[in-house]
Amino acid sequence: FGLSIREKSIVCIGFMGAGKTTVGQLLAQRLYRNFVDIDVEIEKEFAMPISQIFRLYGEPTFRAKEKDLIVKYSQQPLNVISVGGGAFLQKEIQDICMTNCIVLFLDISWESWKERVQLLADNRPLLKDRSLEDIKTLFLERQSIYSLNHSAFIVDDFKAQEAADYLAGALKL
Ligand code: S3P
């Protein structure tokens, strides 16, 4: 009794700053779907920014809430969901998304990412006070997880609009 491929929610994954929210919003518009940004939903529940949630409650509390919300939204039809770059570190999240959703990996290269690093706000606790070398290690670890767990991907220098059109075409929507 699973959802048909056309009804399945689409989950955007990728490293911090890869463009999950931008592409996700466009996709949602293009496909007339509901857009959900899990980080925003978490911030609403705690009524504070992510950096403060990490500071006051710690990362495990953040990760638990992240999982609950992804479990909820991934099982609904017709959402486009942007999940934080760390979500797929949790096996349960990978499994539930791979089972119930179309998982779209925004695959950006380290070179392009580096150029954007200055643009990332300080609301990202995992980037704060880290050297570029450390971030690169984290980036490569994460990329290998995304590479193993997705159903479609778009590569570097994708234009958000092209990505939306590509997926819409692929799904014949
Ligand atoms: C995180 C990524 C962030 C946010 C939190 C942790 C991560 O989301 O969920 O700061 O572990 O990579 P974005 O990928 O949207 O920046």
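Check the entry above for the structure.
My aim in this report is to walk through the structure given alongside it, one point at a time. (Residues numbered from 1 in each chain as written. Predicted model: local features only at pLDDT ≥ 70, side-chain atom pairs only at ≥ 80, totals over all residues. Heavy atoms only, no water.)

## Observations regarding the sheet that holds strand E1 (residues 9-13)
Put simply, the rule is: Pairing between two strands is assigned when DSSP locates at least 2 bridges connecting them. Note on conventions: DSSP H or I runs of at least 4 residues are helices, E runs of at least 2 residues are strands, and numbering of each starts at the N terminus. Geometry is summarised by axes, namely lines fitted to C-alpha atoms with helices restricted to the contacting stretch, and by angles between N-to-C directions that run from 0 to 180 degrees. Should any heavy atoms of two residues lie within 4.5 Å, those residues are considered in contact.
In spatial order, the strands read E2-E3-E1-E4-E5; together these five strands make up an open sheet with parallel pairing. Two strands close off the open sheet at either side, each with one partner strand: strand E2 (34-37) and strand E5 (152-155). On average, each strand axis in the sheet is inclined to that of its neighbour by 20°, with strand direction left out of account. Two strands pair when backbone bridges link them, and E1 and strand E3 (residues 79-82) are joined in this way by three bridges, in the parallel orientation. The partner of Ile10 across the bridge, within E3, is Val80. Its contacts with the sheet place helix H2 (residues 38-46) against E2 and E3, and it is angled at close to 65° to E2. This element, helix H8 (residues 160-170), spans E1, strand E4 (101-107) and E5 of the sheet and lies at about 150° to E5.

## Focus: the side chain of Ser9
Rules: Within 3.5 Å is the distance limit for a polar contact, defined as a pair of N or O atoms, with the added protein rule that one can donate a hydrogen and the other accept it, and that residues adjacent in sequence qualify only through two side-chain atoms.
Looking at the secondary structure, you find Ser9 in strand E1. Of the polar contacts made by the side chain of Ser9, one reaches the backbone oxygen of Gln76; its length is 2.6 Å. In this view, Ser9 contacts Arg33, Tyr73, Ser74, Gln76, Pro77, Leu78, Asn79, Ile81, Asn100, Cys101 and Ile102; residues no more than four positions away in its chain are not counted.

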